[in-house]
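# Analysis of the macromolecular model
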Amino acid sequence: MNYFKILSIVWGVIMIGVRLLIHLIPEKWSNFELNKAYSEEKPKWIWGVGIFSIFIVIVTWYKEITTEVHLSIILSILITLTLIKVSQILFNYNKFRSFVTKALVEDRRIITQISIGTTILGIILILLGIFLY
């Protein structure tokens, strides 16, 4: 199995799995996100995840350049776009946390819209991993 197949399937399963948890246990999930994952004071784990994300992007582009996997550019671009969210969490934490609070507490429609888009993207990633890569 090649890197792009594994990354695509694993990322798609995680995307769908997290969305299921958000909707199956909404109160527990909200409590987890607001009080543990994105507490008022920026958690130290965020820097580790940021570094890991940059590492994954670098490895992905390395594989993009050094291997010939048909249409792997799609996954390379998508994985690079995750740096937008990572940069917001790292460098604009309070605004990001305000958005999370709004989505989880004030207007759950935001979570539903994000979940629909994320689930569709997760399914597409799994299909890419199975049939394309």
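Figured I'd write up the structure that's included with this text. Being a predicted model, the structure only gives us computed values, none of them experimental. (Residues numbered from 1 in each chain as written. Predicted model: local features only at pLDDT ≥ 70, side-chain atom pairs only at ≥ 80, totals over all residues. Heavy atoms only, no water.)

On to the overall build of the protein chain, then. When you go through the protein chain residue by residue, the secondary structure sums to 6 helices and 0 strands. Along the protein chain, helices and strands appear, N-terminal first, in the series α-α-α-α-α-α. On the principal axes, the C-alpha backbone points of the protein chain span a range of 45 × 30 × 20 Å. Counting the 133 residues in the protein chain, one finds 37% classified as buried. (Helix = DSSP H or I, 4+ residues; strand = E, 2+ residues; numbered from the N terminus. Buried < 20%, exposed > 50% of the residue type's maximum accessible area, 1.4 Å probe, protein only.)

Size it by volume and the largest pocket reaches roughly 1,500 Å³. In this structure, the largest pocket is lined by 39 residues; those nearest its centre are W11, R19, Y38, T82 and K85. Of all the secondary-structure elements, those providing two or more residues to the lining of the largest pocket are helix 1 (3–24), helix 2 (26–37), helix 3 (45–66), helix 4 (72–91), helix 5 (93–106) and helix 6 (108–132). Classifying every residue of the lining of the largest pocket by side-chain character gives 32 nonpolar, 4 polar and 3 charged. (1 Å grid on protein atoms, 1.4 Å probe; cavity = no way out; pocket = protein on both sides within 12 Å on 5 of 7 lines; lining within 4 Å. Points joined across faces, edges and corners; volume = space filled by probe spheres on them. Nonpolar A, V, L, I, M, F, W, Y, C, P; charged D, E, K, R; others polar.)

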